[in-house]
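This is what each chain is made of:
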Amino acid sequence: MNYSAVGLAIASALLFGLSAPVAKIFLQTSDPWMLAGILYCGAGVGLFGVHMVARGVESLTEARLTRRELPWLAAAVLSGGVLGPVLLLTGLVRVEASTASLLLTLEGVLTALLAWFVFRENFDRRIAVGMLSIVAGAVVLNWHPGATFDDLIGPAAILGACLAWALDNNLTRKVALADPVQIAMIKGLVAGPISLAIGYAAGGTLPSLATVGLGAVTGFLGYGVSLVLFVLALRHLGTARTGAYFSIAPFIGAVASVPLFGEVVTLQLCAAGALMAFGVWLHLSERHEHVHEHPAFAHEHRHTHDEHHDHLHDDIADPAQAHSHWHRHTPLSHSHAHTPDSHHRHSH
C-alpha cells in the first residue's frame, strides 16, 4: 500500500470536509450560485499564484496538459466544477450541516460504481462490502418515517452533487498524470465565473466584502488545495480507492457542525457514522497482490526511478530525484502488492 498517497487522500478529505459546514455559514448571506462562484474563483486565483511560483522551481516540474486531454478536463469542469457545488449548496439550505456532511460519503460510493462498471477499474469482494456498508450508513441516516416530498429535496440535491463529483473524479483520472495545480486552477478559473454569471442572471448579488474574502480563502483550501491533493492520490491509488479514503470528509464535516451550529449528536447519526467508518476501514486494510503483466507503452509524468522506471538518462545527474519527461516502459512481468494506479490498469 502506498501510504504516502493515502495520506494525500486523507489530507484532501480533511480540507474538503471542513469546507461544507463553513459554507453553510456563508449561505446565510449569499445564494448558492453566487457562493459557488466565490468558492471556485478563490480556488482558481489562489492556485494561479501557486502555479506561477512553481514554474520557476525545477524540482516541482510536472507534465503539462496536452490537447488530447482537454475534452476530459472540460467534461470534469462542467460536472464537478459547475453542477456539483450548486447542488450541494442548494441541499445545504434544506438540511442540517451534519446530515449533509455524512450524505457526502455517497460520493465515494458513486465514484467507485462508475469506476468499476463504466471505466472498468478492478475491485474485489472486500472493496464491494466496504461500499455496501457506506450505503447502509446513508440509508440509516436518511430514514425518516412519514417523510414528505419536501423533506427529500435537500438530500436529493446533495445526492445529485455526489453523482456530479463522482463523474468528475473518474474524468479527472484521465488527466491525473498532468500538473495537478494546473488542472485544479483551470477548474476554478472556468467554473467560478460561470457560476457567478448564472447567479447574476438569476438575480443574485455579491455578499459583503468580508464574506467574499473568507469564501475565497475557503474555496482555495477546501476546493483548490484539496483537489490538487486528490489528483496526486489518484495517480497512485486509482479512482475508487481514492474516493473511499476521501469518504472520511463527511465525518470531519459532521464533527465540525456540532460546535458550529449546536446540532445534537443522535443515536441515528452515530449508527450511520459507524457503518460508514467500517466501510472506509475495509478499504484502508485492503491488500491486492498477484502476478501481472506490464505491456510496452509510453507516457509523460513526474516520477522517480523504481522497478517500473529503469530507463537511462543522459542529462539527469540523479534519476532518484523526481523529474518529468516522456519515457517508454518495456514489457515486464512480476508480482507485488499494488493498487489500480497509472501503471496497474490491467484486467482481472
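As a reminder, the structure under discussion sits directly above these lines.
For the structure given in this document, a descriptive report is provided here. Please read these numbers as outputs of a predicted model, since none were measured by experiment.

## Quick notes on the overall build of the protein chain
And then number 1: For the protein chain, the helix and strand inventory stands at twelve helices and four strands.
And then number 2: Burial status across the protein chain gives 52% buried among its 348 residues.
And then number 3: Once local pairs closer than 6 in sequence are excluded, the contacts in the protein chain between residues at least 24 apart make up 87%.
And then number 4: Counting only carbon and sulfur atoms, one obtains 67% of the accessible surface of the protein chain, whose full area is about 15,800 Å².

## Side note on the packing of helix H2 (residues 32-54) against helix H8 (residues 180-201)
Geometrically, a packed helix pair is captured by the angle between its two axes and the distance between the axes.
And then number 1: Close contact between H2 and H8 brings their axes to 7 Å; oriented N to C, the two are set at 150°. When the axes of H2 and H8 are compared, the pair comes out roughly antiparallel. Here H2 and H8 pass one another in a crossing that is left-handed.
And then number 2: In terms of residue class, the contact of H2 with H8 is built from 19 nonpolar, eight polar and one charged.

## Notes on the packing of aromatic side chains
And then number 1: Taken as a whole and assessed by the stated rule, the structure comprises seven aromatic pairs.
And then number 2: Considering the side-chain rings of phenylalanine 16 and phenylalanine 246, the 5.5 Å spacing of their centres and the 35° angle between planes classify their relative orientation as tilted. Pair noted here: phenylalanine 16 is in helix H1 (residues 3-26) and phenylalanine 246 is in helix H10 (residues 239-246), with a separation of 230 residues, a long-range link.
And then number 3: A residue is classified by how much of its surface remains accessible, and phenylalanine 246, at 8% relative accessible area, is buried.

## Observations regarding the packing of H1 against helix H11 (residues 249-261)
And then number 1: Remark: H1 packs on H11, axes separated minimally by 7 Å, with the N-to-C direction vectors making an angle of 35°. The two elements H1 and H11 cross, and the hand of that crossing is right-handed. Taking contact as the criterion, the partners of Ala13, Leu14, Phe16, Gly17, Leu18, Pro21, Lys24 and Ile25 in H1 are, on H11, Ala249, Ile252, Gly253, Ala256, Ser257, Leu260 and Phe261.
And then number 2: Residue classes in the contact of H1 with H11 are distributed as eleven nonpolar, three polar and one charged.

## Quick notes on H8
And then number 1: Taking 1.5 Å as the rise per residue, H8 with 22 residues should run 32 Å; its terminal C-alpha atoms sit 32 Å apart, in good agreement.
And then number 2: One side-chain oxygen at the N-terminal end of H8 lies 3.0 Å from the backbone nitrogen of valine 181; it belongs to aspartate 179.
And then number 3: Phi turns positive one or two residues past the end of H8, at glycine 203, with a value near 95°.

## Here we look at the nonpolar core
If you look at soluble globular proteins, the nonpolar side chains tend to sit buried side by side.
And then number 1: In terms of nonpolar packing, the biggest core is built from 65 residues, with Leu88, Leu104, Ile158, Trp165 and Tyr223 touching the most fellow members.
And then number 2: Not counting residues up to four positions away in its chain, the partners in contact with isoleucine 158 are Leu87, Leu88, Gly91, Leu92, Val95, Ala100, Leu103 and Leu104.
And then number 3: Listed in part, the six residues of the second largest apolar core include Ala9, Ala233, Leu237 and Tyr245.

## Points about the pattern of salt bridges
And then number 1: Tallied over the full model, the rule gives four salt bridges.
And then number 2: Between arginine 173 and glutamate 121 there is a salt bridge, and its shortest N-O distance comes to 2.5 Å. In this pair, arginine 173 is assigned in helix H7 (residues 149-173) and glutamate 121 in the loop between helix H5 (106-117) and helix H6 (125-141), connecting sequence segments 52 residues apart.
And then number 3: Taking relative accessible area as the criterion, arginine 173 reaches 9% and is therefore assigned buried.
And then number 4: With a closest N to O distance of 2.6 Å, lysine 187 and aspartate 168 form a salt bridge. Placement of lysine 187 in helix H8 and of aspartate 168 in helix H7 is noted, with a sequence separation of 19 residues between them. Residue lysine 187 shares its accessibility class with aspartate 168, and that shared class is buried.
And then number 5: Look at the salt bridges and you will find they share partners, linking Glu121, Arg173 and Arg241 into a network.

## Description of a nonpolar patch on the surface
And then number 1: On the surface, a cluster of nonpolar side chains totalling about 360 Å² of accessible area is made up of Val45, Phe48, Met52 and Leu189.
And then number 2: Considering each element in turn, the nonpolar patch owes the most residues, three residues, to H2.
And then number 3: Within the secondary structure, valine 45 is located in helix H2.
And then number 4: In this structure valine 45 comes out as exposed when scored by relative accessible area, which is 55%.

## Things to note about the environment of phenylalanine 230
And then number 1: With respect to the helices, strands and loops of the structure, phenylalanine 230 is situated in helix H9 (residues 209-237).
And then number 2: Look at phenylalanine 230 and you get buried, because its relative accessible area is 4%.
And then number 3: As a C-alpha pair, phenylalanine 230 and tyrosine 245 span 15 residues in sequence and 10.0 Å in three-dimensional space.
And then number 4: When near neighbours in sequence (up to four residues on either side) are disregarded, phenylalanine 230 contacts Ser12, Asn169, Thr242 and Phe246.

## Some points on the environment of histidine 327
And then number 1: The topology assignment puts histidine 327 in strand E3 (residues 323-329).
And then number 2: The class for histidine 327 is buried, based on a relative accessible area of 3%.
And then number 3: C-alpha of histidine 327 to C-alpha of histidine 309: the two residues are 18 residues apart in sequence and 8.7 Å apart in space.

How each quantity is defined
- Residues numbered from 1 in each chain as written.
- Predicted model: local features only at pLDDT ≥ 70, side-chain atom pairs only at ≥ 80, totals over all residues.
- Heavy atoms only, no water.
- Helix = DSSP H or I, 4+ residues; strand = E, 2+ residues; numbered from the N terminus.
- Buried < 20%, exposed > 50% of the residue type's maximum accessible area, 1.4 Å probe, protein only.
- Contact = heavy atoms within 4.5 Å.
- Areas by Shrake-Rupley, 256 points an atom, 1.4 Å probe, with all protein chains shown as cover.
- Axes fitted to C-alpha atoms, helices over the stretch in contact; angles between N-to-C directions.
- Parallel < 35°, antiparallel > 145°, perpendicular 65-115°, else oblique.
- Left-handed = near helix turned anticlockwise from the far one by under 90°.
- Nonpolar A, V, L, I, M, F, W, Y, C, P; charged D, E, K, R; others polar.
- Phe/Tyr/Trp six-rings, centres within 6.5 Å; stacked < 30°, edge-to-face > 60°.
- Expected span 1.5 Å × (residues − 1).
- Polar contact = N/O pair within 3.5 Å; in protein donor to acceptor, adjacent residues only side chain to side chain.
- Core = buried A, V, L, I, M, F, W, Y, C linked by side-chain atoms within 4.5 Å.
- Salt bridge = Lys/Arg side-chain N within 4 Å of Asp/Glu carboxyl O.
- Patch = residues over 30% accessible without salt bridge, like charges linked within 9 Å, V, L, I, M, F, W, Y side chains within 5 Å.

Worth remembering: the numbers are spatial, not functional.
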